[in-house]
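# Structure at a glance
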Amino acid sequence: MLEALLAALPDGILSVDAEGRLATLNPAARELLPGELSEGDRLAEAVPALAPLLARAVEEPLRGSVLLGGSPVEVRGAPLPAGGAVLSLRPPGQLDRRAHEAAEASRWASLAAGLAHELRNPLAGIEGAATLLARSVEGELAPLAEVVTKESRRIEGLVTGLMDLARPRPPEPRPTDLHRLLEEVLRLTEASLPAGLRIERRFDPSLPPLEVDPEHLTQVLHNLLRNAVEVLAPAGEGRITVSTGVALGLRSGPPHARRSMARLVVRDSGPGFDPRVLEQPFTPFVTTKPSGTGLGLALCRRLIEAQQGLIELANDPAGGARVQLVLPLSAQP
C-alpha cells in the first residue's frame, strides 16, 4: 500500500536509515537522481550534491535546493524517529510551470481589470439607448433593436466576468462541511439535469471539515458541474462522478501551522478536454465552446488559490475530463 502511494506522488521521495543508506526510493526520485541507485546505497556517496542537506536533515527539518543534472531542485527534509531522514525532491519543471502559470494569471487579471473599466461606461450608454430605441421603433426595425439590447446584455455579462476575475471578493475561510455543501449544490444541479445524465457520489464519510470560503467553493462547483453538463448534454447520456477524500502527502500553510489537505474530484464521461485547453489551462478566452469566454475556469483557479488550494485539469485515463481541487482541512475538529 505504501509503495503504491509513493509511486503515485509527482515529487521524488526517499529515506535513509541511521547509517545513511537508502531505505526507500520512489520512481520520481529515481528519475531525478543521477546513476542507478538501489536500496542500501549510501546516499551521500552516490549523490554528493545532497550530502550537506542530508547531514542537516538527520538533525532538523530543512528546506533548500541543489543542482541535479544541471537543473535546480527544491529539497525538503526531516529526521526520522528511529534515525536517518526523509527527503522530498520537487522536479524543476513543476516549479517552472507553477511560477509561469502564476505570472500568467497575474497578467491576465491586470488586463481583465483594464478591459472591464474601459468597457463598462460606454456599454451602459449603449444598453440604455438600445432599451429606449426598442420601445419607440416598430415594424422591421423592432427586431433589430431587440438584438442590440440582447447583445449589450451579453457583453455586460462578459464585463462582469472580467471584473470578478480581476478583483474577486477576498475569501472568508471558516470550518465547512464539504459533503453538506456538495449535497446542496448537487441537488440544484440534478433538479435541471437533462434526461439520460446522472450524478454519482463517492464521498469519504471520515473526511473532516474544510477551512474554506463556502460561497467561493459553491461558485466553483456550480461552474465545474455546469461545464460537465454542457459537455454531456448533446449526447443525451453520460455520468458525472464527484468524489472526496484526504489528499495524502500534501499540506499547506506556514511551517509552524501546516494543515492536511482534502481532495475533491469532478469527472465526466465525455470526450475529455481539448488539447488546446490543457496546453493553456485557466487562460481567459481559451475555450472550445461556441459561446464560451474561457473566464469560468480562470475565475475558479483564482478563487481556489486565494484560499491556499490547488486546482488541476486532466483527461482521465479511463476517458472523460477530470478536475481535481485540493483544499485545506480545518484546524478545528
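Above: the structure in question.
Residues numbered from 1 in each chain as written. Predicted model: local features only at pLDDT ≥ 70, side-chain atom pairs only at ≥ 80, totals over all residues. Heavy atoms only, no water.

The subject of this paragraph is the overall build of the protein chain. On a plain count of helices and strands, the protein chain comes out with 10 helices and 12 strands. Counting over 333 residues, the protein chain shows a buried share of 38%. Restricting to contacts in the protein chain with at least 6 residues of sequence separation, those with at least 24 account for 59%. As displayed, the protein chain has an accessible area near 18,300 Å², and 56% of this comes from carbon and sulfur atoms. (Helix = DSSP H or I, 4+ residues; strand = E, 2+ residues; numbered from the N terminus. Buried < 20%, exposed > 50% of the residue type's maximum accessible area, 1.4 Å probe, protein only. Contact = heavy atoms within 4.5 Å. Areas by Shrake-Rupley, 256 points an atom, 1.4 Å probe, with all protein chains shown as cover.)

Another point: the packing of helix 7 (residues 178-191) against helix 8 (residues 214-232). Where helix 7 meets helix 8, the axes come as close as 10 Å, and the angle between the chain directions of the two elements is 40°. Looking at the two axes, helix 7 sits oblique to helix 8. The chirality of how helix 7 crosses helix 8 is right-handed. Where helix 7 abuts helix 8, its residues Leu178, Leu181, Leu182, Val185, Leu186, Leu188 and Thr189 lie against Pro214, Leu217, Thr218, Leu221, His222, Leu225 and Val229. Residues that form the contact of helix 7 with helix 8 fall into these classes: 11 nonpolar, three polar and no charged. (Axes fitted to C-alpha atoms, helices over the stretch in contact; angles between N-to-C directions. Parallel < 35°, antiparallel > 145°, perpendicular 65-115°, else oblique. Left-handed = near helix turned anticlockwise from the far one by under 90°. Nonpolar A, V, L, I, M, F, W, Y, C, P; charged D, E, K, R; others polar.)

By size, the foremost hydrophobic cluster in this structure holds 38 residues, and its most contacted members are Leu210, Leu217, Leu224, Ile240, Val242 and Leu325. Sort the elements by how many residues they give to this core and helix 8 lands first, with eight residues. Filtering out sequence-adjacent residues up to four positions away, Ile240 remains in contact with Arg198, Ile199, Glu200, Leu225, Ala228, Val229, Leu232, Val266, Arg267 and Asp268. (Core = buried A, V, L, I, M, F, W, Y, C linked by side-chain atoms within 4.5 Å.)

Across the five residues that make up strand 1 (residues 12-16), a large majority, five, are buried. Burial along strand 1 is two-sided: the face carrying Gly12, Leu14 and Val16 and the face carrying Ile13 and Ser15 are both buried. Across five bridges, the pairing between strand 1 and strand 5 (residues 85-90) is antiparallel. Its bridge partner being in strand 5, Ile13 is matched across the sheet by Ser88. By the bridge criterion, three bridges tie strand 1 to strand 2 (residues 22-25) in an arrangement that is antiparallel. Bridge pairing in strand 2 links Val16 to Leu22. Following strand 1, the chain reverses through five residues before pairing antiparallel with strand 2; Gly20 in that reversal takes a positive phi of roughly 80°. (Pairing = 2+ DSSP bridges.)

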